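# Coordinate analysis (summary)
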Amino acid sequence: MTEKYEVIVVGGGAAGLSAALVLGRARRRTLVVDAGEPRNAPAAHLQGYLSRDGMPPAEFLAAGRAEIARYGVELIHDRVVDAVRGEDFAVRLAEGALPGGGRTVHARQLVVATGLKDELPPVAGLAERFGRDVLHCPYCHGWEVRDQAFGVLATTPMSVHQALMVTQWSKDVTLFLHTVAEEELTEADLRRLAAAGVHVVPGEVAEPVVEDDRLTGVRLTDGRVYDREVLFVAPRAVPQTDLLTRLGAETAETPFGTYPVVDGRGLTTVPGLWAAGNVSGFAEQVVNAASRGYRTGAAINGELLMADLDAAP
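Residues numbered from 1 in each chain as written. Predicted model: local features only at pLDDT ≥ 70, side-chain atom pairs only at ≥ 80, totals over all residues. Heavy atoms only, no water.

As named in an unreviewed UniProt entry, the protein chain is NAD(P)/FAD-dependent oxidoreductase, taken from Streptomyces sp. 900129855. Its UniProt record gives the protein chain a comment under Catalytic activity (unreviewed entry), which states: "[thioredoxin]-dithiol + NADP(+) = [thioredoxin]-disulfide + NADPH + H(+)". (UniProt positions renumbered as here; feature names shortened; annotations may be inferred.)

For the rest of this paragraph, the subject is the sheet that holds strand E10 (residues 173-176). As summarised here, the arrangement of the 5 strands in space is E8-E15-E9-E10-E11, forming an open sheet in which the pairing is parallel. Taken across any chain shown, the strands that pair with only one partner, and hence form the sheet edges, are strand E8 (134-135) and strand E11 (199-201). Sheet topology note: the strand E9 (residues 150-153)/strand E15 (residues 230-232) ladder contains 3 bridges and is parallel. Paired with Gly151 across the two strands is Leu231, which belongs to E15. Across the face of the sheet, helix H5 (residues 159-166) comes into contact with E9, E10 and E15 while running at roughly 165° to E9. (Pairing = 2+ DSSP bridges. Helix = DSSP H or I, 4+ residues; strand = E, 2+ residues; numbered from the N terminus. Contact = heavy atoms within 4.5 Å. Axes fitted to C-alpha atoms, helices over the stretch in contact; angles between N-to-C directions.)

This brings us to the sheet that holds strand E12 (residues 205-211). Strand order across the open sheet formed by 3 strands is E12-E13-E14, with antiparallel pairing between neighbours. The outermost strands of the open sheet, each flanked by one partner alone, are E12 and strand E14 (225-227). Shown here is a sheet whose adjacent strand axes are inclined to one another by a mean of 30°, direction ignored. Where E12 lies against strand E13 (residues 214-220), 6 bridges are found, and the strand directions are antiparallel. The residue bridging Glu211 from the neighbouring strand is Arg214, located in E13.

Ranked by internal contacts, the top residues of the largest apolar core, which has 25 residues, are Val7, Val32, Phe60, Ile68, Val111, Trp274 and Ile300. Residues contacting Val111, with those up to four places away along its chain left out, are Val7, Ile8, Val9, Val10, Trp274, Ala276, Thr296 and Ile300. (Core = buried A, V, L, I, M, F, W, Y, C linked by side-chain atoms within 4.5 Å. Buried < 20%, exposed > 50% of the residue type's maximum accessible area, 1.4 Å probe, protein only.)

Attention shifts here to the side chain of His106. Tracing the sequence through the fold places His106 in strand E6 (residues 103-112). Assessed through its relative accessible area of 18%, His106 is described here as buried. One polar contact links His106 to Asp88, side chain to side chain, over a distance of 3.2 Å. (Polar contact = N/O pair within 3.5 Å; in protein donor to acceptor, adjacent residues only side chain to side chain.)

The next thing to look at is the packing of helix H1 (residues 14-25) against helix H2 (residues 57-69). To characterise two packed helices, one gives the angle between the axes of the helices and the distance between these axes. For the pair H1 and H2, the least separation of the axes is 9 Å and the interaxial angle reads 20°. Taken as axis vectors, H1 and H2 run roughly parallel relative to one another. Considering only the axes of H1 and H2, their crossing is left-handed. Seen from H1, the contacting residues are Ala14, Leu17, Ala20 and Leu21; seen from H2, they are Phe60, Leu61, Gly64, Arg65, Glu67 and Ile68. Within the contact of H1 with H2, the residues separate by chemical class into 7 nonpolar, 1 polar and 2 charged. (Parallel < 35°, antiparallel > 145°, perpendicular 65-115°, else oblique. Left-handed = near helix turned anticlockwise from the far one by under 90°. Nonpolar A, V, L, I, M, F, W, Y, C, P; charged D, E, K, R; others polar.)

Residue position: Asp88 is located in the loop between strand E4 (80-85) and strand E5 (89-93). Beyond its immediate sequence surroundings of up to four residues, Asp88 is in contact with Lys4, His106, Ala107 and Arg108.

Next comes the structure, spelled out in structure tokens:
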């Protein structure tokens, strides 16, 4: 069984739904394939999105799905296991109507909006608290935890920047050097930390201390415990680019990982293959990802229109 669409969007987060909304309104037959693994699932709310500030992520996605459905966009909960590019893009799904599961759907253009995954530092107990009182983004959560006792887990010298940033939301900040040696801190780092009033603690962190299902402290491997109510960490962002690289898209190393090479509209180095949202850049908050998806959707509609006009007799 094969099905033909004008556009297939892989990923049903902010970027994918936004691209699909634009395409649906442009009367393009569009399919969204959503594996149901949003990056912000651990968070209770999303912030900084005008008119959506404080909305639970699940509610945001439900609203987006309802909106694209009004314009005839199809959405299926499935996973893409492979894709090849010939005259069009042939996208193989994990489930479907064929014996043994799986089906192939086709599209003239393919949008990859598969986002990224956060790999937390290997410290026991962090994953269970992530998105609650173990946090990574002060712009996402700083207001909600303002004026509490902050800790910052240093895993690279860049963690100094994170510690300085969070002082905007609390003046009680402790930087736990963890895997960063004291001699790795520059004179400028030390001067700024002192000016911001950040307390610097050398030594490796063993685990967060939790009482009554809330963070109360940070325990070091030598047994010392520091009272803290919030712990900021810097996860390793891993963009989900497997599908893009399988289709031949070029990638480039950045200070934040390996990302596809895209133009200002989201087009990769493979004609007809687009990347939108966090799969194409580290710092795409929900509002930015939605914006990138909108831009990509509009660009695709223009590409299809011009291709059809150029092919007309």
